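# Working through the structure, step by step
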Amino acid sequence: MQHHGSNHRTAQEFFERVTADRYVISGNGLHGNPHPDALRWLSAARHGEPFEAYLTNRTGVNDLGATLDAFLAEEAQAEPGHVYRFRRDTDLSLTVELTA
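Keep in mind that this is a model prediction, so the values were computed, not measured.

### Observations concerning unusual backbone geometry
- The peptide bond linking Asn33 to Pro34 adopts the cis configuration, its omega dihedral lying at 0 degrees.
- Backbone geometry at His4 places phi at a positive 60 degrees, although glycine is not the residue there.
- One can find His4 in the segment before helix H1 (12-17).
- For His4, a relative accessible area of 43% translates into the label partly exposed.
- At Asn62, a position not held by glycine, the phi torsion is positive, near 55 degrees.
- You can see Asn62 is positioned in the loop between strand S2 (51-55) and helix H3 (64-78).

What follows is the structure, encoded as structure tokens:
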């Protein structure tokens, strides 16, 4: 996802036009990224369609953990086919798993 999942550099229309099976979001909460609006736009654009999102951080600065927890709780109920995976705190990198 461009610009660390910011809501300043994208819109729902982008996610409706450019689709993927997997999305990578690199943000640590600084400047509000990934922003809940961007996550909601992605979810709405892919309503009813499965995808995986890989995020570099589950916790971070500016209450990133609380922001993500609130979004993920809503998302689990509304869109069970949308899967969110996080880099483990002990890992230096994020692994995106590809299946055939």
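On we go from here.
### A look at the environment of Gly27
- With respect to the helices and strands, Gly27 occurs in the loop between strand S1 (22-25) and helix H2 (36-45).
- A relative accessible area of 8% means that Gly27 is categorised as buried.
- Sequence-wise, Gly27 and Gly60 are 33 residues apart; in three dimensions their C-alpha atoms are separated by 8.5 Å.
- The contact partners of Gly27, leaving out residues within four places of it in the chain, are His4, Asn33, Pro34, Thr56, Asn57 and Leu64.

### Describing the sheet that holds S1
- Spatially, S1-S2-S3 is the arrangement adopted by the three strands of the open sheet, whose pairing is parallel. At either end of the open sheet lies a strand with only one pairing partner, and these are S1 and strand S3 (82-86). Looking at each pair of strands side by side, their axes are set apart by 20 degrees on average, direction ignored.

### A short note on the packing of aromatic side chains
- Following the criterion strictly, the structure yields five aromatic pairs and no others.
- Look at Tyr23 and Phe51: their rings are 5.4 Å apart centre to centre, the planes differ by 80 degrees, and that puts the pair in the edge-to-face class. Note that Tyr23 is positioned in strand S1 and Phe51 in strand S2, a separation of 28 residues in sequence.
- An angle of 90 degrees between the planes, with centres 5.6 Å apart, marks the rings of Phe71 and Tyr84 as edge-to-face. Of this pair, Phe71 sits in helix H3 while Tyr84 sits in strand S3, and the two are 13 residues apart along the sequence.
- Of the residues examined, Tyr84 reaches a relative accessible area of 14% and is grouped as buried.
- Across the ring face of Phe86, the terminal group of Arg58 is positioned such that the distance to the ring centre comes to 4.7 Å.

Each value, and the rule that gives it
Residues numbered from 1 in each chain as written. Predicted model: local features only at pLDDT ≥ 70, side-chain atom pairs only at ≥ 80, totals over all residues. Heavy atoms only, no water. Helix = DSSP H or I, 4+ residues; strand = E, 2+ residues; numbered from the N terminus. Buried < 20%, exposed > 50% of the residue type's maximum accessible area, 1.4 Å probe, protein only. Contact = heavy atoms within 4.5 Å. Pairing = 2+ DSSP bridges. Axes fitted to C-alpha atoms, helices over the stretch in contact; angles between N-to-C directions. Phe/Tyr/Trp six-rings, centres within 6.5 Å; stacked < 30°, edge-to-face > 60°. Lys NZ or Arg CZ within 6 Å of the ring centre and 35° of its normal.

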